[in-house]
Amino acid sequence: MSILVGAQTRLLVQGITGREGEFHSRAMLEYGTQIVAGVTPGKGGQAAVDGRVPVFDTVADAVAQTGADAACIFVPAAFAPDAMLEAADAGIPLVICITEGIPALDMLRVHHVLRAQGVRLIGPNCPGVTTVGGAKVGIIPGDIHRAGPVGLVSRSGTLTYEVVQAMTDAGVGQTTCVGIGGDPIVGTTFIDVLQMLNADPKTEAIVLIGEIGGDEEERAADYCAREVRKPVAAFIAGRTAPPGRRMGHAGAIISGGAGTAESKRQALQAAGVRVADSPSQIPALLRDAGVR
Amino acid sequence: MSILVGAQTRLLVQGITGREGEFHSRAMLEYGTQIVAGVTPGKGGQAAVDGRVPVFDTVADAVAQTGADAACIFVPAAFAPDAMLEAADAGIPLVICITEGIPALDMLRVHHVLRAQGVRLIGPNCPGVTTVGGAKVGIIPGDIHRAGPVGLVSRSGTLTYEVVQAMTDAGVGQTTCVGIGGDPIVGTTFIDVLQMLNADPKTEAIVLIGEIGGDEEERAADYCAREVRKPVAAFIAGRTAPPGRRMGHAGAIISGGAGTAESKRQALQAAGVRVADSPSQIPALLRDAGVR
Amino acid sequence: MGDHPFCPQEGEVKLQEYRSKEILARYGVPVPDGETATNPHEAREAAGRIGGPVVVKAQVLVGGRGKAGGVKLAATPDEAAARAEEIIGLQIKGVTVRTVLVAPAARIAREYYLGLILDRGGQTGTIIASAEGGVEIEETAKTDPEAILRLPLHPLIGLQEHQVRRVAFFLGLPAELRKDFGATLRGLYAAFMESDADLAEINPLVMTDEGRLEALDAKIVLDDSALFRHPELESLRDLREEEPSEIAAREAGINFIKLDGSIGCMVNGAGLAMTTMDLVKLAGGEPANFLDIGGGAKADRVAAAFRIILDDPNVQAILINIFGGITRGDEVAHGIVEARASLGRQVPMVVRIVGTNATEAAEILRAANLITAESLDDAARKAVAAAGSQA
Amino acid sequence: MGDHPFCPQEGEVKLQEYRSKEILARYGVPVPDGETATNPHEAREAAGRIGGPVVVKAQVLVGGRGKAGGVKLAATPDEAAARAEEIIGLQIKGVTVRTVLVAPAARIAREYYLGLILDRGGQTGTIIASAEGGVEIEETAKTDPEAILRLPLHPLIGLQEHQVRRVAFFLGLPAELRKDFGATLRGLYAAFMESDADLAEINPLVMTDEGRLEALDAKIVLDDSALFRHPELESLRDLREEEPSEIAAREAGINFIKLDGSIGCMVNGAGLAMTTMDLVKLAGGEPANFLDIGGGAKADRVAAAFRIILDDPNVQAILINIFGGITRGDEVAHGIVEARASLGRQVPMVVRIVGTNATEAAEILRAANLITAESLDDAARKAVAAAGSQA
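The structure presented is a predicted model; accordingly, all values stated were derived computationally and were not measured. Residues take numbers from 1 onward in each chain, read along the sequence in its written order. Working convention: letters from A go to chains and numbers from 1 go to ligands, in the order in which they are written. Given that the model is predicted, a residue must reach a pLDDT of at least 70 before its local features are reported, and side-chain atom pairs must reach 80 or more before they are shown or counted; all residues, however, enter totals for whole chains, interfaces and linings. As a rule here, side-chain values cover all heavy atoms of the structure and leave hydrogens and water aside.

A word on the environment of G187 of chain C
Residues and elements named next belong to chain C.
(1) Moving on: Counting from the N terminus, the helices are the DSSP runs of H or I reaching at least four residues and the strands are the DSSP runs of E reaching at least two. With respect to the secondary-structure elements, G187 resides in helix α6 (residues 178-194).
(2) Moving on: Each residue gets one of three labels from its accessible area relative to the maximum for its type: buried under 20%, exposed over 50%, partly exposed in between, using a 1.4 Å probe on protein chains only. Owing to a relative accessible area of 3%, G187 belongs among the buried residues under this scheme.
(3) Moving on: Through-space distance from the C-alpha of G187 to that of I23 is 9.8 Å; in sequence the pair is 164 residues apart.
(4) Moving on: Each residue touching G187, except ones within four places of it in the same chain, is listed here: Y27 and V29. In what follows, a contact means two residues having at least one pair of non-hydrogen atoms within 4.5 Å.

As for the nonpolar core
(1) Moving on: Here, nonpolar core refers to any group of buried Ala, Val, Leu, Ile, Met, Phe, Trp, Tyr and Cys residues whose side-chain atoms link them within 4.5 Å. One finds M84 of chain A, M84 of chain B together with F181 of chain C to be the most contacted residues of the largest nonpolar core, which totals 151 residues.
(2) Moving on: One finds V49, V55 and I212 of chain B together with V384 of chain C within the second-largest nonpolar core, a separate group that totals 98 residues.

Some remarks on the packing of aromatic side chains
To describe a pair of aromatic rings, one takes the distance between the centres and the angle between the planes.
(1) Moving on: Stacked, edge-to-face and tilted are the three classes for Phe, Tyr and Trp ring pairs, Trp counted by its six-membered ring, which pair at centre distances within 6.5 Å; planes under 30 degrees apart are stacked, over 60 edge-to-face, the rest tilted. Across all of its chains, the model carries two aromatic pairs over all chains by this definition.
(2) Moving on: Measuring from centroid to centroid gives 5.7 Å for Y161 of chain B and F323 of chain C, while their planes differ by 65°, and the two rings are edge-to-face. Of the two residues, Y161 of chain B is situated in helix α5 (residues 158-169) and F323 of chain C in strand β17 (residues 317-324); the pairing between them involves two chains.
(3) Moving on: Among the residues examined, Y161 of chain B registers a relative accessible area of 5% and is labelled buried.

What to know about the pairing of strand β9 (residues 124-130) of chain C
Consecutive side chains along a regular strand alternate between the two faces of the sheet.
Residues and elements named next belong to chain C.
(1) Moving on: Burial of β9 is extensive: seven of the seven residues sit out of reach of the surface.
(2) Moving on: Should DSSP find at least two bridges between two strands, the strands are regarded as paired. Both strand β8 (residues 108-119) and β9 contribute to a ladder of seven bridges, which runs antiparallel. When the bridges of β9 are listed, L116 appears paired with I127.
(3) Moving on: Connecting the antiparallel pair β8 and β9 is a turn made up of four residues, with Q123 showing a positive phi of about 55°.
(4) Moving on: Where β9 lies against strand β10 (residues 148-152), five bridges are found, and the strand directions are antiparallel. Within the sheet, the bridge partner assigned to I127 lies in β10 and is L151.

Focus: the domain arrangement of chain C
Residue and element names in this part refer to chain C.
(1) Moving on: For the purposes of this description, domain bounds are those given by an automatic or database domain assignment. Taken as a whole, chain C is organised into domain 1 (1-32 + 108-241), domain 2 (33-105) and domain 3 (243-390).
(2) Moving on: Each of domain 1 and domain 2 was reduced to a C-alpha centroid, and the two centroids are 23 Å apart.
(3) Moving on: Between domain 1 and domain 2, the contact holds 14 residues from the first and 15 residues from the second.
(4) Moving on: Here domain 1 and domain 2 share an interface that buries about 1300 Å² over both sides, 48% of which is from carbon and sulfur atoms.
(5) Moving on: A carboxyl oxygen of Asp or Glu within 4 Å of a side-chain nitrogen of Lys or Arg is what we treat as a salt bridge. Counting every contact that joins domain 1 to domain 2 gives three salt bridges. Joining two parts hides part of their accessible area as seen by a 1.4 Å probe, and the buried area is that hidden amount summed over both.

Side note on the confidence of the model for chain C
All names here are of chain C.
(1) Moving on: Averaged over all residues, the pLDDT of chain C is 88; the fraction at 70 or higher stands at 94%.
(2) Moving on: One confidence number per residue, pLDDT, is output by the predictor and ranges from 0 to 100. Segment residues 1-10: pLDDT under 50, and 43 contacts once partners within four positions in sequence are set aside and those in other chains are kept.
(3) Moving on: Among the prediction metrics, the complex's ipTM stands at 0.91, with pTM recorded as 0.92.

Digging into the interface of chain D and chain A
(1) Moving on: Tallying the contact residues gives 50 residues for chain D and 55 residues for chain A.
(2) Moving on: Taking both partners together, chain D and chain A bury about 4100 Å²; carbon and sulfur atoms supply 63% of that area.
(3) Moving on: Here chain D is connected to chain A by two salt bridges.
(4) Moving on: As used in this structure description, the phrase polar contact means that two N or O atoms lie within 3.5 Å; if the pair is within protein, one of them must be able to donate a hydrogen and the other to accept it, and residues adjacent in sequence are counted only when both atoms belong to side chains. At the boundary of chain D and chain A, one finds eleven residue pairs in polar contact (both at pLDDT 80 or more).
(5) Moving on: When residues of the side of chain D that touches chain A are traced back to their parent elements, those giving at least two are β9 (124-130), α6 (178-194), β14 (255-258), α9 (270-282), β17 (317-324), β18 (349-355) and α13 (376-390) of chain D.
(6) Moving on: At ten residues, α9 of chain D tops the list of elements feeding residues into the side of chain D that touches chain A.
(7) Moving on: Among the residues making up the side of chain D that touches chain A, the classes are represented as 23 nonpolar, 15 polar and twelve charged. Side-chain classes follow a simple rule in which Ala, Val, Leu, Ile, Met, Phe, Trp, Tyr, Cys and Pro form the nonpolar group, Asp, Glu, Lys and Arg form the charged group, and the remainder, Gly included, forms the polar group.

Considering the interface of chain D and chain B
(1) Moving on: Listed as interface residues are ten residues of chain D and, on the opposing side, eleven residues of chain B.
(2) Moving on: Buried surface at the junction of chain D and chain B, both sides included, amounts to about 970 Å², of which 62% is carbon and sulfur.
(3) Moving on: In this assembly, chain D and chain B are joined by two salt bridges.
(4) Moving on: Between E86 of chain B and R165 of chain D there is a salt bridge, with its nearest N and O atoms 2.9 Å apart.
(5) Moving on: Viewed at the interface, chain B and chain D are joined by four residue pairs in polar contact (both at pLDDT 80 or more).
(6) Moving on: Per-element accounting of the side of chain D that touches chain B gives the leading share, six residues, to helix α5 (residues 161-171) of chain D.
(7) Moving on: Of the residues assigned to the side of chain D that touches chain B, the class counts are two nonpolar, four polar and four charged.

Laid out in structure tokens, this is it:
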């Protein structure tokens, strides 16, 4: 069943009638994702995406009437924290927030409330999750995938697509690809996803895509060394980034020598992870590790 | 080892240099309770209770230097919420708050924070906990006890003493007596203590002292029916209380027929609990149930 | 949501409609302009200033004032004076009306209920809403529970915007009123939190014919334990509706409730006080009061308790039950003997003192010719017997 | 706690000392009176109004201004003018001083560090305190980590009084200053939360010879993502210290950082942009910039990106790498071709467009004589080769 989402997922899209929400909902439906409801306050009773998805005023109503069990959020940054809390309060156990630019103090609050409620939050500022052949939730292009035995976790957006495309081109398929997002406060970390992929019987090998800043990759390396018995390949972006400058993601920053690409690469290598110099090397590293 | 506290408990008293704090600390020491530290901000470095207890400025300091593992709080209502949070933040797993008159909205916040931190809070507005022959934490008079096989849980103060005295006079001894407090929001409920006493190998029978208001006793009755395999005797105060009037404890109130003494008595009887008409009947009911 | 006519020392402080509205208005809840009046002349003047038809409403803390004739419409200032004349002095459930509120008469298109309570079971604040406003929410809860939305607040982060929306959609408010409704619910929440309320309700919240929201009636009940940090609210407590003896008790730091029996009770601790009353009843008597003298009873508080108990002419005997856990029994006994000497009226007293120095206490009491008792049951029986012999 | 000289679109907004102090003062933090001056005359007037000895401080966002001669004492207004003359126009770490702060010279008895940061690892706000103030906290962290207290705040209930006390006791403040210290820390916390700061620090917080607390220097760094709800703070951003090209980029919605190499990069997505730079380096070249053009790149944004990249005379070639997941590749290709036609300066361009309609895109690019590439590695190699042929 891979991880997080699949053919059985009953997805609800918050902000489905917005430009982004509608565009990506259509792409998700085309991929085969089961979107059972949309939520836009004040548009309850309408139908979105060419009349294919019923719209509700509140998540509570949508859950009561459709049994939605996952939410994907496309509402603007000023309203996204409230949207996440609404999904959690309505009892949805998996919330995937695509929205970028959410203030850190808001995310702090949301993160801790959702964690206490036992809700799994992916993101924010993330491309989403795709279980190949099952469901695509978020904005990862559907056509770059190929079914196969490799799970992927990444902090990046288009860099993820680049790696997935390279794998698919080389005939190395995927189980589930998870973009955890690049913000300072995210609901799900590398370690959380590594744990899930490690436990997933369909996943035979794992790819980790990191970047400079923070120490998440170092901690993930430590976790790999201790717990993961499947082969892991990794790529870290930002070897040439000058210290002390932010490169887009608020998380991608190097302070005082910690969190450099080199420190991350070394930690991963020490943990037995195969580290690529370029995304294009990932398929070969996986083949070397025995992936068919 | 009975429950909650015992000879091994390393107690810290917050507000130890206040009138109440010092008076009851002396009584606790006389009972044999191991008080390892006191806390009064600004009096760190002094010694309280005739020089027998070192005083610290902060709970964190006290814990670091004495290994205190339980806190008893005597600070005034306006400062007690902060004192509870301080104890919890310092890593103390058991907090017993004697202070009465704490605003309900403060307790709401404290209760939920402590619960999330895994801290066991007894009270507030409670007489404390005594494990007979082990440790007395709080204000229950030490000399009313006698060691024996009965555990007791109560929402009241002096009514608890009355029942304990009646038991001791009749030769029926106690393991641990717990006053959970009569406020609307308390850290530990009847059910929590029933669970502990039920699991305690030294406790052979249980006494529950309730009063009108709320539905805690009804829920406790339900728990007894489902889980408790030891004999339980109970007394409920307030059969003559007129509906809709508050009788001291904010919790002791009857609204719209629910929470009356009769409804509680009936629920307990239906659960197989022996219900007394007077505190003086408790020892006989316990004897009937086979307590030596 | 209960209806509690009494507010002793420890518990709740209920505020009058006009005072509740004053607080809500400060937090942005739309409240119709209104003025209080304590005589027909003031009511006429108020109606004149308001202009147009008004409603004259008795300001009492008991429910059912509408049915009791405490709420009346008036088309003109003269009519307002006449209605005020009828209402002021009216007895509603034993309470005399002294003040009326004169407010514009609203043309009501729809009525809603909107309240916030501290839910002790759920251990958090909870929004209560219903599109069936204007009736007691307890009534709706019985007749049509589906018509009520109960929405718990997060105990640490409080009211969230999605909850505001959910309530608005539940009530079926017209889209153009949703913004004003948000301000109203947020205002109600802020008033609830910042006043440390146990209850803050608007009933009815109305949509007028002109499509405006208005809080037509409101009730706030404060948490007495939190009054120390709201000196501005303490003065809002309405003393005039309480029993004078209960006011005196509160001032002395005693928790007292007057009842109808003949046996006065003086006990330390609320649970033990209720138990003492229960045992009086079990022995065939009727308690004249609930009285918790509190911890560490001192001589002056004992004396105050005697005065309060004996103020009730029905009292034929007094039962004193003190568990001297902390306090020394002999000191309490001395206090009782001294206080008794200065009392105007003498009734039989049964005194039971248990705990620290109980033996010494018993001697002092016997020397003073007070009846003592071996047990609480015994004390109750003796008190009932003593009262019987007086009647 | 890091020292980040650049503040691109997504990230942080660092405020000058005097602006940081302005905010802190609003929240009750004791800040010495001071005035800014942009010329010696203004500095003289300011010193005259302040009276007594003053300190003249360069207002720049880079660290180490003291060592660079940017902070000087002056006993009289004339001296203040002379010191301002020396400091204004000074280059500190490449930044020209344009403004000085003239403030009373404090007589310092003790110096403390007091800061609040958003701790990403701990996922909460954290108090940082040290009795060794006046030096960079990063320095203390290295030399004497025991001298630093790190106290995480509860993410939902925030700063608590016991934490205020704990910091005060940790710093060993005299008892009579504890109350003022409480107001200072609470003020710092309120400023941090209500401004949506990533960092708010007072360094040094001093105890003066007269026994008063004063925030002698302060720094606030704001969370750029939260600026939308602080229009009053947006204006405090100091544009003059940023690269003009970076300001232009931010205004165009492009995330851009200027570097020293010769190969301009235009990429969609930050991670992919860094990867592109890495591969340029791996192919033997040096990137001239980091540029993330963002999602759904439109023609006008492509044009702006070209202008910004070519504004740098070092740029000898441009590498464009677009993963057209959402965007259609052919549309991006058209945008590039059009924008290129209107450019003043022409350099070789290597364009790689992957994803939706990549084949059509490749045709358009080839027709326009742009160099295309099979893979990202190939694109990087071709860009390096093209730049080399230009140099």
